[in-house]
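Each chain, letter by letter, is given below.
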Amino acid sequence: MVETQNGVSVITGYAHPGIIKIVNTIRKSFPNKNIYTVLGSFHLMDTDKAAVYEAADEFKKTGVQKIGATHCSGPNAEEIFRDRYKNNFINVEVGQALVI
């Protein structure tokens, strides 16, 4: 987690506990901070599309502004989050520098 002028940015490796659980834990720990960006592996590779839609909707509902699904998030997650976030979906690639 990184605090920026835009809010909190969450960067995950493998989100084995569940990406929603991780984001909700951070929200509870920092109730006065908005979560601006969530980047990384969401560990949704083998998750059915309905659960991925639920995760994307939960992110939108809690005010996450930008999203970047990587690695074992899976192609369904990338497609669904890209659709939900449009221009606020971040393509994260190896060696890329990001300003958050």
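Residues numbered from 1 in each chain as written. Predicted model: local features only at pLDDT ≥ 70, side-chain atom pairs only at ≥ 80, totals over all residues. Heavy atoms only, no water.

Q: Provide a residue-level description of the packing of helix 1 (residues 19-29) against helix 2 (residues 49-61), including the pertinent values.
A: The geometry of a pair of packed helices is captured by two quantities: the angle between their axes and the separation between those axes. The geometry of helix 1 relative to helix 2 is characterised by a closest axis approach of 10 Å and an angle of 15° between their N-to-C directions. In terms of their interaxial angle, helix 1 and helix 2 are classed as roughly parallel. The two elements helix 1 and helix 2 meet at a crossing, and its hand is left-handed. Residues I19, I20, V23 and N24 of helix 1 form the contact with helix 2, whose own contacting residues are A55, E58 and F59. When grouped by side-chain class, the residues that make up the contact of helix 1 with helix 2 number five nonpolar, one polar and one charged. (Axes fitted to C-alpha atoms, helices over the stretch in contact; angles between N-to-C directions. Helix = DSSP H or I, 4+ residues; strand = E, 2+ residues; numbered from the N terminus. Parallel < 35°, antiparallel > 145°, perpendicular 65-115°, else oblique. Left-handed = near helix turned anticlockwise from the far one by under 90°. Contact = heavy atoms within 4.5 Å. Nonpolar A, V, L, I, M, F, W, Y, C, P; charged D, E, K, R; others polar.)

Q: Before we move on, could you go through the pattern of salt bridges and cite the residues and values that matter?
A: For the coordinates displayed, the defined rule picks out seven salt bridges. Among the salt bridges present, the one from K33 reaches E3, with a minimum N-O distance of 2.6 Å. One end of the pair, K33, is in the loop between helix 1 and strand 3 (35-41); the other, E3, is in strand 1 (residues 2-4), and 30 residues separate them in sequence. A residue is classified by how much of its surface remains accessible, and K33, at 35% relative accessible area, is partly exposed. The salt bridge partner of E78 is R82, with a shortest N-O separation of 2.8 Å. Of this pair, E78 and R82 both sit in helix 3 (residues 75-85), four residues apart, which is roughly one turn of that helix. (Salt bridge = Lys/Arg side-chain N within 4 Å of Asp/Glu carboxyl O. Buried < 20%, exposed > 50% of the residue type's maximum accessible area, 1.4 Å probe, protein only.)

Q: Describe the nonpolar core, and please don't skip the residues or the numbers.
A: The biggest cluster of nonpolar side chains holds 22 residues, and the ones touching the most others in it are V38, F42, F59, I67 and F81. With near-sequence residues (within four places) excluded, F59 lies in contact with I19, I20, V23, V38, F42, V64, I67, F81 and Y85. (Core = buried A, V, L, I, M, F, W, Y, C linked by side-chain atoms within 4.5 Å.)

Q: Please give an account of the packing of aromatic side chains that cites residues and values.
A: Considering all chains together, one arrives at three aromatic pairs under this definition. Seen from their ring centres, F42 and F59 are 5.8 Å apart, and the 85° between their planes marks the pair as edge-to-face. With a gap of 17 residues between them, F42 in the loop between strand 3 and helix 2 and F59 in helix 2 connect regions that are remote in the sequence. In terms of burial, F42 and F59 fall into one category: buried. Geometrically, the ring pair formed by F59 and F81 is tilted, given 5.6 Å between the ring centres and 45° between the ring planes. You can see F59 sitting in helix 2 and its partner F81 sitting in helix 3, a full 22 residues away along the chain. (Phe/Tyr/Trp six-rings, centres within 6.5 Å; stacked < 30°, edge-to-face > 60°.)

Q: Would you mind going over the pairing of strand 2 (residues 7-12) in detail, with residue names and values included?
A: Of all six residues in strand 2, five are buried; the element is thus mostly enclosed. Where strand 1 lies against strand 2, three bridges are found, and the strand directions are antiparallel. When the sheet's bridge partners are listed, T4 is paired in strand 2 with G7. Hairpin connection, strand 1 to strand 2: the antiparallel pair is bridged by two residues. Pairing of strand 2 with strand 3, which is carried by five bridges, proceeds in the parallel orientation. Looking at the pairing, I11 lines up with L39 of strand 3. In this fold, strand 2 hands off to helix 1, which returns the chain to strand 3; that crossover is right-handed. (Pairing = 2+ DSSP bridges. Right-handed = clockwise from strand over helix to strand, strands pointing away.)

Purely geometric stuff here, so don't read any function into it on its own.
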